Structure formats: structure tokens, C-alpha cells
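Below, each chain spelled out in residue letters.
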Amino acid sequence: MKKILYCLVVLTGLFALSSCDDDKQLDFKNLPASIQEFVGTYFADVKVIKSEKDDEEPRYKVWLSNGFELKFYKEGGWQEVDGNWQVLPSALQIGILPGNLLTYTATEYPDAGIVEAARYSWGYQVELNTAPSIELHFNNDGEITMTDRH
């Protein structure tokens, strides 16, 4: 009887864990047009290996064959571009980040590259490939508000 009860507890726990996953794998063609356009513009020659809709956040996630991970808000606007320590392509940086943010980063950290960028209601966050890594926060106008070294 104890073994049966134990098995039921384990199975219930596994079921509960699997039901907590609100991510739904989607075919890339079924994502909003703005996401498809973003990927086509900045990663035209890169294969999409996985795409999901996360109902908990809510947002969309896209994984590319070059190691980049992209997150988009439910409306389809970009939220985060993570190069996983690869520098973001120049055209992408110019296309999504304010000019004065890019100027500040290039001036203050000339030997560093942006490896991650995120957009929030308060502004932008970028991570540089320095050692230790540096995270910079900018307001919506691209003016520096905080520097954090990891």
C-alpha cells in the first residue's frame, strides 16, 4: 500500500510540474507578422530552430541556429535579443537601439561589444562582452541611467 501511495504522489507531482509549463511550441509561420519581419530583416540567412508562445508572461520566444535567442512582447514588438556572448550585428543595433546609446557605448567602452539588448517600459538595458561583464541601463531617450558590473 505504501508503494502505491508513493507512486501516486510521484505521478501527481510530475503531472503538476508538466502542467505548469505554459510554453506552447508554434510554427514560426504562425507567429505575428512583426516577429517574422524582425527575424527576416536582421537574421535573413539564419534558420529558426524553435519558436514558442509563453502565455504566462505573455510573450513569444524564438531560438536561432546561430545561438541567438529572441523574445517579443505579445503585440510582437521586440523585448530582448540575446547573442549568448556573440556581439549583436551592427545593422540590428542601429535598427533597434537609440543612436546616443550606441554613441555612449562606443565612446566609453571602445573595445567592448553589445551581446544582449532588452527593451522595457523604462528604457533599455544592454550587456557588454567585458570581463567582468558590464550591464548598462538607459532611459527611453538613450541617456545612461545606471552602470552595473557583474
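Rules and cut-offs
Residues numbered from 1 in each chain as written. Predicted model: local features only at pLDDT ≥ 70, side-chain atom pairs only at ≥ 80, totals over all residues. Heavy atoms only, no water. Helix = DSSP H or I, 4+ residues; strand = E, 2+ residues; numbered from the N terminus. Contact = heavy atoms within 4.5 Å. Phe/Tyr/Trp six-rings, centres within 6.5 Å; stacked < 30°, edge-to-face > 60°. Lys NZ or Arg CZ within 6 Å of the ring centre and 35° of its normal. Polar contact = N/O pair within 3.5 Å; in protein donor to acceptor, adjacent residues only side chain to side chain. Salt bridge = Lys/Arg side-chain N within 4 Å of Asp/Glu carboxyl O. Buried < 20%, exposed > 50% of the residue type's maximum accessible area, 1.4 Å probe, protein only. Arc of directions from axis to C-beta.

> Talk me through the environment of valine 115; I want residue IDs and the actual numbers.
Locating valine 115 in the fold gives a position in strand E6 (residues 114-120). Taking the C-alpha atoms as reference points, valine 115 and valine 126, separated by 11 residues in sequence, lie 7.5 Å from one another. In this structure valine 115 touches Val81, Asp82, Gly83, Asn84, Trp85, Gln86, Val87, Leu88, Glu127, Leu128 and Asn129, once residues within four positions along its chain are discounted.

> I'd like to hear about the packing of aromatic side chains, residue by residue, with values.
The tally for this structure, following the rule as stated, stands at six aromatic pairs. Ring geometry for tyrosine 104 and phenylalanine 138: centres 5.8 Å apart, planes at 80°, overall edge-to-face. With tyrosine 104 in helix H4 (residues 99-108) and phenylalanine 138 in strand E8 (residues 134-139), this pair connects stretches of sequence that are 34 residues apart. Above the ring of tryptophan 63, the side-chain terminus of lysine 50 is found at 5.0 Å from the ring centroid.

> Lay out the side chain of aspartate 54 in plain terms, naming residues and giving numbers.
Relative to the elements of secondary structure, aspartate 54 occurs in strand E2 (residues 48-54). Of note is the side chain of aspartate 54, whose polar atom sits 2.9 Å from the backbone nitrogen of glutamate 56.

> Residue-level account of the environment of asparagine 100, with values.
The topology assignment puts asparagine 100 in helix H4. Spatially, the C-alpha atom of asparagine 100 lies 5.6 Å from that of glycine 142, the residues being 42 residues apart in sequence. Excluding residues that lie within four positions of it along the chain, asparagine 100 makes contacts with Asp141, Gly142 and Glu143.

> Talk me through the pattern of salt bridges; I want residue IDs and the actual numbers.
Counted according to the given criterion, the structure contains six salt bridges. Residues glutamate 52 and lysine 50 are paired through a salt bridge, measuring 3.1 Å at the closest nitrogen-oxygen approach. Glutamate 52 gets classed as buried once you look at its relative accessible area, which sits at 8%. We classify lysine 50 as partly exposed; its relative accessible area is 31%. Via salt bridges that share partners, Lys24, Lys53 and Asp55 belong to a single interconnected network.

> Summarise H4; cite the residues concerned and give the values.
Residues of H4 that are buried: Leu101, Leu102 and Thr105. Buried residues in H4, looked at end-on, bunch into an arc of 95°, giving them a common side. Buried residues along H4 sit against helix H3 (90-96), E6, strand E7 (123-128) and E8.

> Which residues make up helix H2 (residues 33-42), and what values do they have?
What H2 keeps buried is the set Ile35, Phe38 and Val39. Axial view of H2: buried residues confined to an arc of 90°, hence all on one face. Exposed positions of H2 whose direction lies more than 90 degrees from the buried face are Ala33, Glu37 and Thr41. Against E2, strand E3 (59-64), strand E4 (69-73), strand E5 (78-82) and H3 lie the buried residues of H2.

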